[in-house]
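Here is what each chain is made of, one letter per residue.
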Amino acid sequence: MNLTGKQLTIIVVSIAFIVMAIMTMVVGNEDEGTDKTDNPEQTEQALKALGDSKDGSEADSIVVVNDPLEGDPYKELDELIGLGAVKEEVKSLANFVKLQKQRQEKGLKTPKMSYHLVFTGSPGTGKTTVARIVARIYKDLGILKKGHTVETDRSGLVANYVGQTATKTNAVVDSALNGVLFIDEAYALVPENSHNDYGQEAISTLLKRMEDDRDKLVVIIAGYTNEMKRFIDSNPGLESRFNRYINFPDYTAEELVDIYKMYAKKNEYTINSDAEEMLEEKLNYAVAHKDRNFGNARFVRNVFEKSIQAQANRLSGKKGLTKNQLTEITVKDLQEAFK
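Enquirer: So what exactly am I meant to see when it comes to the sheet that holds strand S5 (residues 217-223) here?
Expert: In a beta sheet, neighbouring strands are held together by backbone hydrogen bonds and run either parallel or antiparallel to one another. Across the sheet, six strands lie side by side as S1-S3-S4-S5-S2-S6; this open sheet has mixed pairing. Every other strand in the sheet has two partners, leaving strand S1 (63-66) and strand S6 (245-248) as the edge strands with one partner each. Adjacent strand axes in the sheet meet at a mean angle of 20°, parallel and antiparallel pairs treated alike. Summarising the sheet, strand S2 (residues 117-121) and S6 pair through four bridges and their orientation is parallel. Residue Thr 120 lies in a different strand from S6, and its bridge partner there is Asn 247. Sheet contacts for helix H5 (residues 127-140): S1, S2, strand S3 (149-152), strand S4 (179-184), S5 and S6; angle to S2, the most-contacted strand, approximately 160°. Its contacts with the sheet place helix H9 (residues 225-233) against S2, S5 and S6, and it is angled at close to 130° to S5.

Structure below.
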């Protein structure tokens, strides 16, 4: 069939209009969808995309999703070693929320409050652990529906190219809806003496989502005390949304010993008296000579893992081992662990 030029033009234009209409319908359906947290497959795809850049530049992105554990979060908070002031702050916040709900039920005025938090302190002082507990407490209080945590840092929010950071940040926020978004070392989003960093785009995107999704998103940011102050002061939007601070002090040597014993007990190991005496001496020395990068509980966990590895090497090749031999950590094991 031979078509005239005019007929061909009409056909081409018609096809173009049909394609545009289909694209509009697809985009409209995407925009009108439900929360991605209600669709696990969509959330998984969004998070997977964070690490799928063509050149592998996003391969080191850190985004960890933790579903809420069963059990009593208030009891778990009480059982944490040390952190007395932190526990009181969290309990005080919970008490305030409970009372405001009772006032609301009686028709009384309730002040508008922010549930977002700033955790300040050194590495290994329990910030991530407490964030997970707070998420579950918020669920118990009715603030959040799910109470899970999504843990990330700059690498999980910031892309390497213009225009990609907003998409990346939105994907992480979508996965955190109805739960807590925990951003560790948040100050890295605003590097010192850097005015054209992509971190600013992540902050702008995050602030907008905190407003748009204020009834289903709680953000907890964490990092060194001075750096976090600089970070908050860098943006008026951050100052207005983050006004509740909880400081996490470094652990004492005695608390670190207790943390080591806790790891041992949970994993069915024992430590003899001579080894315990050495542990106390080593941890006292470590605390007395620590710098700002000292890992606190993280340091102790590493020591524990190295000591049970040393025990395995010490017992390697021996047969007929008793239960005591399989569980006991000795001075020799600790000497290897602290090397």
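Text resumes after the structure shown.
Enquirer: For this particular structure, what's the right way to read the packing of helix H11 (residues 253-266) against helix H13 (residues 297-315)?
Expert: A pair of packed helices is captured by two measures, namely the crossing angle of their axes and the spacing between those axes. Two elements in contact, H11 and H13, have axes separated by 9 Å at closest approach and are oriented at 45°. Taken as axis vectors, H11 and H13 run oblique relative to one another. Classified by chirality, the crossing of H13 by H11 is right-handed. Only Ala 297, Val 300, Arg 301, Val 303, Phe 304 and Ser 307 of H13 make contact with H11, whose side of the interface consists of Leu 256, Ile 259, Tyr 260, Tyr 263 and Ala 264. The residue makeup of the contact of H11 with H13, split by class, is nine nonpolar, one polar and one charged.

Enquirer: Sorry if this is basic, but what is going on with unusual backbone geometry here?
Expert: Trans peptide bonds make up most of the peptide bonds, and negative phi angles are found at most residues other than glycine. Positive phi outside glycine occurs at Asn 178, with the angle close to 70°. Take Asn 178: it is sitting in the loop between helix H7 (165-176) and S4. The exposure class of Asn 178 is buried, given its relative accessible area of 8%. With a phi angle near 60°, Glu 268 is a residue other than glycine that sits in the positive phi range.

Reading the values: the criteria
Residues numbered from 1 in each chain as written. Predicted model: local features only at pLDDT ≥ 70, side-chain atom pairs only at ≥ 80, totals over all residues. Heavy atoms only, no water. Pairing = 2+ DSSP bridges. Helix = DSSP H or I, 4+ residues; strand = E, 2+ residues; numbered from the N terminus. Axes fitted to C-alpha atoms, helices over the stretch in contact; angles between N-to-C directions. Contact = heavy atoms within 4.5 Å. Parallel < 35°, antiparallel > 145°, perpendicular 65-115°, else oblique. Left-handed = near helix turned anticlockwise from the far one by under 90°. Nonpolar A, V, L, I, M, F, W, Y, C, P; charged D, E, K, R; others polar. Buried < 20%, exposed > 50% of the residue type's maximum accessible area, 1.4 Å probe, protein only.

In short, shape yes, function no, at least from these values alone.
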